[in-house]
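# Coordinate analysis (summary)
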Amino acid sequence: MESDNSAGFTYLGRNFSNLSVNDHSSAFSDCNSDRSGEFPSASSESRRLLLSCASDNSDDLIRHLVAHLDSSSSSVDEQKQAAMEIRLLSKNKPENRIKIANAGAVKPLISLISSSDPQLQEYGVTAILNLSLCDENKDLIASSGAIKPLVRALKMGTPTAKENAACALLRLSQVEDNKVAIGRSGAIPLLVSLLETGGFRAKKDASTALYSLCSAKENKLRAVQAGIMKPLVELMADFGSNMVDKSAFVMSLLMSVPESKPALVEEGGVPVLVEIVEVGTQRQKEIAVSILLQLCEESVVYRTMVAREGAIPPLVALTQAGTSRAKQKAEALIEFLRQPRSGVSSNGGRSSQL
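Residues numbered from 1 in each chain as written. Predicted model: local features only at pLDDT ≥ 70, side-chain atom pairs only at ≥ 80, totals over all residues. Heavy atoms only, no water.

## Observations concerning the overall build of the protein chain
What the protein chain contains, in helices and strands, is 20 helices and two strands. Buried positions account for 55% of the 354 residues belonging to the protein chain. Considering only contacts within the protein chain whose residues lie at least 6 apart along the sequence, 71% involve residues at least 24 apart. Surface accessibility of the protein chain: about 14,900 Å² in total, with carbon and sulfur atoms responsible for 48%. (Helix = DSSP H or I, 4+ residues; strand = E, 2+ residues; numbered from the N terminus. Buried < 20%, exposed > 50% of the residue type's maximum accessible area, 1.4 Å probe, protein only. Contact = heavy atoms within 4.5 Å. Areas by Shrake-Rupley, 256 points an atom, 1.4 Å probe, with all protein chains shown as cover.)

Below you can see the structure in the form of structure tokens.
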């Protein structure tokens, strides 16, 4: 699999070997286990009994629950109860996630994801999400055939099933070999749709999954072709969305794909990026400058467009008050904008000095 995490070039003797902003840890938090309250809770009495059994002999309880996931020997209600209790057992205890997987729960839970019963599907998706939080389970879940059913849930499930399917796919994508398999399964357009139309949690989960998946080059192209620039630009333009940083990091990752640049411009991304350089946080300003650098690297047209949007004054201000890394990027972009033909060959490609 070809991974493509950075882009760079040399300009006026300075090497910009990585135009991405690496400080993404606080922008993207991993999807966690399912939130309490999303599912009807077990009664307090049955919950106490479950926890008591789990503490006394969790292995026996787990085997009992796994046996009740089988549709050939259990009713739908029994399957739901077993899946819900497995979800509870795997919610916060890593040791239970390993025990449940080792007890053979993965394949029957994957079967539940394909159920025509929306609640049963939801329980299956969420239980697989919880199991996927354990690194030791990721290979087993993927090799047991979870990816395609999760993608179907992402397409046709309840809102909660879609969100948790996105989270589960994110967790599986943390194994490098799974990134392309997930992309080829049709997940990218569905995640882009979730980013555009979902609620806040759905947007957050979709952006995080897309950021992970798009470290694979072919997934970047899939994302651009699926129209990702439109929701990214819209979210970056809305400072109240709490999605500016996440969207900008995803956009920065995509800029190494040539198709991303006209798509960004077509969706009105240039004025949005210039505004971020002017009024965003320090981190947002740096990401925006990185994106604009990559946009302008080889194009006189784009350099002229950015300059006409009034980018130079806020860039000058950034060279005086930004971080050292932001200052360096802002200075390089100012040089591009003030000398738009420098570093660009007559045929639009890189000249020898690049």
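From this point on, the discussion continues.
## Looking at the packing of helix 17 (residues 282-296) against helix 20 (residues 324-338)
Packed helices, taken two at a time, are described by the angle their axes make and the gap between the axes. Taken N-terminus to C-terminus, the directions of helix 17 and helix 20 make an angle of 35°; their axes are 9 Å apart at the nearest point. Handedness of the crossing formed by helix 17 with helix 20: left-handed. Note on element contacts: helix 20 touches helix 17 through Arg325, Ala326, Lys329, Ala330, Ala332, Leu333, Phe336 and Leu337, opposite Glu286, Val289, Ser290, Leu292, Leu293 and Cys296. In terms of residue class, the contact of helix 17 with helix 20 is built from ten nonpolar, one polar and three charged. (Axes fitted to C-alpha atoms, helices over the stretch in contact; angles between N-to-C directions. Left-handed = near helix turned anticlockwise from the far one by under 90°. Nonpolar A, V, L, I, M, F, W, Y, C, P; charged D, E, K, R; others polar.)

## As for the packing of helix 13 (residues 229-237) against helix 16 (residues 269-279)
Between helix 13 and helix 16, the least distance of the axes is 10 Å, while the angle of their chain directions is 30°. Judged by the twist between their axes, the crossing of helix 13 over helix 16 is left-handed. In contact with Val233, Met236 and Ala237 of helix 13, helix 16 contributes Gly269, Val272, Leu273 and Ile276. Here the contact of helix 13 with helix 16 is composed, by residue class, of six nonpolar, one polar and no charged.

## Here's the deal with the confidence of the model for the protein chain
In this model, the protein chain carries an average pLDDT of 86, and 80% of its residues clear a pLDDT of 70 or more. In the model, residues 345-354 has pLDDT below 50 throughout and makes 20 contacts with residues more than four positions away in sequence or in other chains. (pLDDT = per-residue confidence, 0-100.)

## Let's talk about helix 9 (residues 176-184)
Regarding helix 9, the residues found buried are Asn178, Lys179, Val180, Ile182 and Gly183. Where helix 9 is buried, its residues contact helix 6 (135-143), helix 7 (147-156), helix 8 (159-173), helix 10 (187-197), helix 11 (200-213) and helix 12 (217-225). Downstream of helix 9 by one or two residues, Gly186 has phi in the positive range, about 95°.

## Some details on helix 8
End to end, helix 8 covers 21 Å across 15 residues, agreeing with the expected 21 Å (1.5 Å per residue, within 8%). Most of helix 8 is tucked away: 13 of the 15 residues are buried. (Expected span 1.5 Å × (residues − 1).)

## Notes on the nonpolar core
Within the largest apolar cluster, 100 residues are counted, with the highest numbers of intra-cluster contacts made by Leu150 and Met251. Not counting residues up to four positions away in its chain, the partners in contact with Met251 are Met229, Leu232, Val233, Met236, Leu264, Leu273 and Ile291. (Core = buried A, V, L, I, M, F, W, Y, C linked by side-chain atoms within 4.5 Å.)

## Side note on the packing of aromatic side chains
Two aromatic rings are characterised by how far apart their centres lie and by the angle between their planes. Summed over the entire model, instances satisfying the criterion amount to one aromatic pair. With a centroid separation of 6.4 Å and an interplanar angle of 80°, the aromatic rings of Tyr211 and Phe249 are classed as edge-to-face. Residue Tyr211 is found in helix 11, and its partner Phe249 is found in helix 14 (residues 244-254); the two are separated by 38 residues along the sequence. With respect to class, Tyr211 is no different from Phe249; both count as buried. The ring of Phe336 carries the charged tip of Arg303 above its face, separated from the ring centre by 4.0 Å. (Phe/Tyr/Trp six-rings, centres within 6.5 Å; stacked < 30°, edge-to-face > 60°. Lys NZ or Arg CZ within 6 Å of the ring centre and 35° of its normal.)

## Structural notes on the pattern of salt bridges
Tallied over the full model, the rule gives 15 salt bridges. With its nearest N and O atoms 2.3 Å apart, the salt bridge here joins Lys138 to Asp135. Of the two residues, Lys138 and Asp135 both sit in helix 6, three residues apart, roughly one turn of that helix. The class of Lys138 is buried, set by a relative accessible area of 2%. Of the charged contacts in the structure, one is a salt bridge between Arg184 and Glu218, with a shortest N-O distance of 2.9 Å. Within this pair, whereas Arg184 is found in helix 9, its partner Glu218 is found in helix 12, the two being separated by 34 residues in sequence. (Salt bridge = Lys/Arg side-chain N within 4 Å of Asp/Glu carboxyl O.)

## What to know about unusual backbone geometry
Located in the positive-phi region is Asn242, a residue other than glycine, with phi close to 60°. Its place among the elements puts Asn242 in the loop between helix 13 and helix 14.

## Description of the environment of Val272
Relative to the elements of secondary structure, Val272 occurs in helix 16. On the basis of relative accessibility, which here comes to 12%, the residue Val272 falls in the buried class. A sequence separation of 37 residues divides Val272 from Glu309, and the C-alpha atoms of the two residues are 9.6 Å apart.

## A word on the environment of Arg308
By the element assignment, Arg308 lies in helix 18 (residues 300-308). According to the relative accessible area criterion, Arg308 is exposed, its value standing at 74%. Taking the C-alpha atoms as reference points, Arg308 and Pro271, separated by 37 residues in sequence, lie 9.6 Å from one another.

## Things to note about the environment of Gly198
Turning to its location among the elements, Gly198 is positioned in the loop between helix 10 and helix 11. The spatial distance from the C-alpha of Gly198 to the C-alpha of Lys162 is 9.3 Å, given a sequence separation of 36 residues. Those residues within four positions of Gly198 in sequence are excluded, and the remaining contacts are Ser193 and Lys203.

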